[in-house]
Amino acid sequence: MRIENLTTLIYITQGDKCLFIRKTRKGDMNLDKWLGIGGHFETDETPEECALRELKEESGIDSLSLNDFEYRGLITFLSSEYPSEYMHVFTASVPEDFELPRKTCDEGELAWVELDRIKDLPVWEGDKIMFDYLFYREPRRFFTMKFRYEGERLSFHEEKEYL
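Residues numbered from 1 in each chain as written. Predicted model: local features only at pLDDT ≥ 70, side-chain atom pairs only at ≥ 80, totals over all residues. Heavy atoms only, no water.

**Focus on the packing of aromatic side chains**
Threshold: Ring pairs are drawn from Phe, Tyr and Trp, using the six-membered ring of Trp, whenever the two centres fall within 6.5 Å, and their geometry is named by plane angle: stacked under 30 degrees, edge-to-face over 60, tilted for the rest. In this text, helices come from DSSP runs of H or I with a minimum length of four residues, and strands from runs of E with a minimum of two, each type numbered from the N-terminal end. Whether a residue is buried, partly exposed or exposed follows from its accessible area with a 1.4 Å probe, protein chains only, as a fraction of its type maximum: under 20%, in between, or over 50%, in that order.
As enumerated under the stated definition, the model contains 14 aromatic pairs in all. Residues tyrosine 133 and phenylalanine 143 carry aromatic rings whose centres are separated by 5.3 Å and whose planes lie at 50° to one another, so their mutual orientation is tilted. Residue tyrosine 133 is located in helix 2 (residues 125-136), and its partner phenylalanine 143 is located in strand 9 (residues 142-150); the two are separated by ten residues in the primary sequence. There is no split in this pair, since tyrosine 133 and phenylalanine 143 are both buried. Aromatic pair phenylalanine 142 and tyrosine 162: ring centres 6.4 Å apart, planes at 55°, arrangement tilted. Here phenylalanine 142 is found in strand 9, whereas its partner tyrosine 162 is found in strand 10 (residues 153-162), with 20 residues between them in sequence. For tyrosine 162, a relative accessible area of 36% puts it in the partly exposed group.

Laid out in structure tokens, this is it:
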């Protein structure tokens, strides 16, 4: 059974690129947006189990292919149009010679995007803030963020880092 307000996102890097999915399913709140791989929890799943299951389902990548799998943050997503979500965010990497098992899934198209271009993608505004924590800050720390949207406009955010 799918749990509606608990989700995961995992961002996979390969050198200076990151794997994204452009959502193409009609009726999806993320239609035409670029996201990390992820989805809703199933009953009795841990955040790690959910992230790895979604990664396998959407991209064909299994956990044995991953390096540096890490739980990075928790995001509270509040919206005037959609139900609240609590997103558990992970990162991992794959070797330079790794080949993506599939290019599409029933939710959208997969693409490797250069890290210096990810803020130019059609993404939620809060994702750009999250990208700083995931890819550009040192040292890497666990974070929490709260994003409130009015429609698609980010109307409020707060962020916190932990040692």
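**Quick notes on the environment of arginine 148**
As a reminder, the rule being used: Note on contacts: a residue pair is in contact if any heavy atoms of the two residues lie within 4.5 Å.
Its location among the elements puts arginine 148 in strand 9. Each C-alpha atom, one on arginine 148 and one on leucine 100, is 34 Å from the other, the two residues being 48 residues apart in sequence. In contact with arginine 148, not counting residues within four places along its chain, are Leu78, Arg153, Leu154, Ser155 and Phe156.

**Structural notes on helix 1 (residues 47-59)**
Because each turn of an α-helix spans 3.6 residues, side chains separated by three or four positions in sequence point in the same direction. Threshold: Working rule for helices: expected span equals 1.5 Å times residues minus one.
Taking 1.5 Å per residue, 13 residues should reach 18 Å; helix 1 reaches 18 Å between its end C-alpha atoms and fits that length. The complete set of buried residues in helix 1 reads Pro47, Cys50, Ala51, Arg53, Glu54, Leu55, Glu58 and Ser59. Buried residues along helix 1 sit in contact with strand 1 (2-14), strand 2 (17-23), strand 4 (37-42), strand 6 (85-93), strand 7 (104-105) and strand 8 (108-114). Note on helix 1: the residue one or two positions beyond its end, glycine 60, has a positive phi of about 85°.

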